[in-house]
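Analysis of the macromolecular model
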Amino acid sequence: TYQSNYEMQTLGDKPPGDMIFETCFLIVFIIELLGKIAVHKLYFFCNESMFWNIFDCILVLFSTVDQVFSYVGGSLASVSFARSLRLFKMGKILRVFRAFRFLKELRVMMNSILGSFLSLFWSIITLGMILFVFALFFMQQM
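A short tour of the structure in this document, coming up. (Residues numbered from 1 in each chain as written. Predicted model: local features only at pLDDT ≥ 70, side-chain atom pairs only at ≥ 80, totals over all residues. Heavy atoms only, no water.)

1. Some remarks on the packing of aromatic side chains
- The final tally for this structure, using the stated rule, is 5 aromatic pairs.
- Ring centres 5.0 Å apart and planes at 70° place the aromatic pair Phe121 and Trp122 in the edge-to-face group.
- Of the residues examined, Phe121 reaches a relative accessible area of 44% and is grouped as partly exposed.
- For Trp122, a relative accessible area of 49% translates into the label partly exposed. (Phe/Tyr/Trp six-rings, centres within 6.5 Å; stacked < 30°, edge-to-face > 60°. Buried < 20%, exposed > 50% of the residue type's maximum accessible area, 1.4 Å probe, protein only.)

2. Focus on a nonpolar patch on the surface
- Nonpolar side chains collect at one region of the surface, where Leu103, Leu106, Met109, Met110, Ile113, Leu114, Phe117, Leu120 and Ile124 lie side by side and expose about 840 Å² of accessible area between them.
- If you list the elements that add at least two residues to the nonpolar patch, you get helix H5 (104-115) and helix H6 (117-141).
- In this structure, Leu120 sits in helix H6.
- Among the residues examined, Leu120 registers a relative accessible area of 45% and is labelled partly exposed. (Patch = residues over 30% accessible without salt bridge, like charges linked within 9 Å, V, L, I, M, F, W, Y side chains within 5 Å. Areas by Shrake-Rupley, 256 points an atom, 1.4 Å probe, with all protein chains shown as cover. Salt bridge = Lys/Arg side-chain N within 4 Å of Asp/Glu carboxyl O. Helix = DSSP H or I, 4+ residues; strand = E, 2+ residues; numbered from the N terminus.)

Right under this line is the structure:
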């Protein structure tokens with residue numbers, strides 16, 4: 001929200017430390033990716049989580065291109081291309097779903113909660129009808 005508010009107040013300018021933070025996070029992601037590739041070598045691209053690994057490579061590549069264009073001044077890329085890169089960077093949120101494989105108990109609880117929504121809906125409807133009937137009964141008695 002801070003970045004959004006700042007951009008609205010300054011007509012699209014980025015906050016002062018924004019480029020430094022983005023560059024630091026990009027360096028951390030590059031080091032992580034290079035470390036994984038150094039450990040796994042070609043197995044990095046052909047194991048059971050190869051799709052996530054390729055997704056991480058594409059994210060790091062696009063983030064690097066975005067940072068290079070930002071430092072150059074953005075004259076090499078059109079505005080729509082830069083926006084599409086930023087939109088694709090939001091795909092980093094999908095990395096959270098990778099952790100759900102390891103949380104079997106959480107998955108069971110979520111499936112239970114989602115499975116009980118239909119029963120919960122009809123319970124609420126029944127409770128509402130009972131309240132309505134008793135409200136009518138008590139209003140008739142007054």
